[in-house]
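What the coordinates show
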Amino acid sequence: MTKSENSMSYVITPAIIPCLQVRGSSNYYPVNRIFCVGRNYAKHVVEMGYDPEREAPFFFQKSSDSILVEGTDFVYPDKTIEVHHEVELVVALKTGGKNLSRAEATSNIYGYAVGLDMTRRDLQAELKSMGRPWEISKSFDGSAPCSAIIQSDDIGHPTKGEISLKKNGSLCQEGYLQQMIWKVPEIIAYLSEFCTLMPGDLIFTGTPSGVGPVQRGDNLKCTIDGVGTLDVGVV
Ligand code: MN
């Protein structure tokens, strides 16, 4: 079968491509895949019960329709009584490629955003203990709240500055981008050894320490110096 433009019809209605707003633009950023890095701040590694030695980064994915755009409430999900917040710097790619060098990785970045890797922690722990994939604890409706994207043309490439999360006004998570065990260009370059990166891919780059549970009625205010803020209500 050949795919000729305008003539292709589908047997069902295709799903809508999830999109993020872009600051200073009326155009949207289409989200392709969402990669997440695990254990990338030493104090968080320790709080999760692991050794903060610099091991190779590891990755998991959330479905792209896990995106929750800013201004939308996070609906407390089913099948859990322990949903945790994880504030993270999000990197948005514009080109892609395979086996990228660190320099190529940096020039591949379209922009940055403030994101939350929402996690059904109880389910994750149960799946981990059974040696099963814990994807379903990470990838679910609304599990990836994300701010609008700020273009690197406007802010450059943030490598230091505070990353924090306040729950109902009190500081829960606090760290600094310079504490990332694996830096952004290293993460992109390493990931591109495993799969061909594509335009629209997002990378959630790990969370600092202080993760904890959310409840209905909570307000989460996430801030990354030089990038922006993300406000999410839990309902
Ligand atoms: Mn995370």
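Predicted, not measured: the structure shown is a model, and the values here were computed from it.

This part takes up the coordination of the manganese ion. Within the protein, the manganese ion binds to Glu86 (OE), Glu88 (OE) and Asp117 (OD); these donor distances fall in the range 2.0 to 2.1 Å. Sequence spacing among the residues donating to the manganese ion works out to E-x1-E-x28-D. Taken as a pair, Glu88 in strand S7 (residues 87-93) and Asp117 in the loop between strand S8 (109-116) and strand S9 (119-120) lie far apart in primary sequence, 29 residues in all. Judged by its relative accessible area of 1%, Glu88 is buried.

To continue, consider the pairing of S8. Counting buried residues in S8 gives seven out of eight residues, a clear majority hidden from the surface. As paired strands, S8 and strand S11 (residues 150-151) are joined by two bridges and run antiparallel to one another. Among the inter-strand pairings, Tyr112 is bridged to a residue of S11, identified as Ile150.

This part takes up the sheet that holds strand S13 (residues 170-176). Read from one edge to the other, the open sheet built from four strands follows the order S13-S12-S16-S17, with strand pairing classed as antiparallel. Bordering the open sheet on either side are S13 and strand S17 (228-233), each of which pairs with just one other strand. Ignoring which end each strand starts from, the neighbouring axes of this sheet average 10 degrees apart. Summarising the sheet, strand S16 (residues 219-224) and S17 pair through six bridges and their orientation is antiparallel. Residue pairing for S17: Lys221 is matched across the bridge by Asp231.

This part takes up the sheet that holds S9. Sheets are built from strands paired through backbone hydrogen bonds, the pairs being either parallel or antiparallel. Spatial ordering of the open sheet is given by S9-S6-S15, a layout of three strands whose pairing is antiparallel. At either margin of the open sheet sits one strand with a lone partner, and together these are S9 and strand S15 (212-213). With two bridges joining them, strand S6 (residues 83-85) and S15 adopt antiparallel strand pairing. Bridge pairing links His85 to Gly212 in S15.

The subject of this paragraph is the pattern of salt bridges. Any two side chains of opposite charge can pair if their charged atoms end up close together. Per the stated rule, a full pass over the model turns up eight salt bridges. Between Glu70 and Arg23 there is a salt bridge, and its shortest N-O distance comes to 3.2 Å. In this pair, Glu70 is assigned in the loop between strand S5 (67-69) and S6 and Arg23 in the loop between strand S1 (19-21) and strand S2 (28-30), connecting sequence segments 47 residues apart. With a shortest N-O distance of 3.2 Å, Asp231 and Lys221 are connected by a salt bridge. One end of the pair, Asp231, is in strand S17; the other, Lys221, is in strand S16, and ten residues separate them in sequence. You can call Asp231 partly exposed: its relative accessible area is 37%. Each of Lys62, Glu86, Asp117, Arg121 and Lys138 takes part in one network of salt bridges that share partners.

In terms of residue burial, S7 counts as a mostly covered element, since seven of its seven residues are buried. Bridge analysis of S7 against S8 gives seven bridges, and the strand direction is antiparallel. Directly across from Leu93, in S8, lies its bridge partner Ile109. Bridge count for S7 against strand S14 (residues 202-204) is three bridges, and the pairing is antiparallel. Within the sheet, the bridge partner assigned to Val91 lies in S14 and is Ile203.

With phi around 50 degrees, Arg39 is a residue other than glycine that occupies positive phi space. By the secondary structure assignment, Arg39 is in the loop between strand S3 (34-38) and helix H1 (42-47). The class of Arg39 is partly exposed, set by a relative accessible area of 28%. Unusually for a residue other than glycine, Asn168 sits at a positive phi of about 50 degrees. Counting through the fold element by element, Asn168 comes out in the loop between strand S12 (162-167) and S13. By relative accessible area, which is 47% here, Asn168 ends up partly exposed.

Definitions and limits used
- Residues numbered from 1 in each chain as written.
- Predicted model: local features only at pLDDT ≥ 70, side-chain atom pairs only at ≥ 80, totals over all residues.
- Heavy atoms only, no water.
- Donors = N, O, S within 2.8 Å, 3.2 Å for Na, K, Ca; no water.
- Helix = DSSP H or I, 4+ residues; strand = E, 2+ residues; numbered from the N terminus.
- Buried < 20%, exposed > 50% of the residue type's maximum accessible area, 1.4 Å probe, protein only.
- Pairing = 2+ DSSP bridges.
- Axes fitted to C-alpha atoms, helices over the stretch in contact; angles between N-to-C directions.
- Salt bridge = Lys/Arg side-chain N within 4 Å of Asp/Glu carboxyl O.

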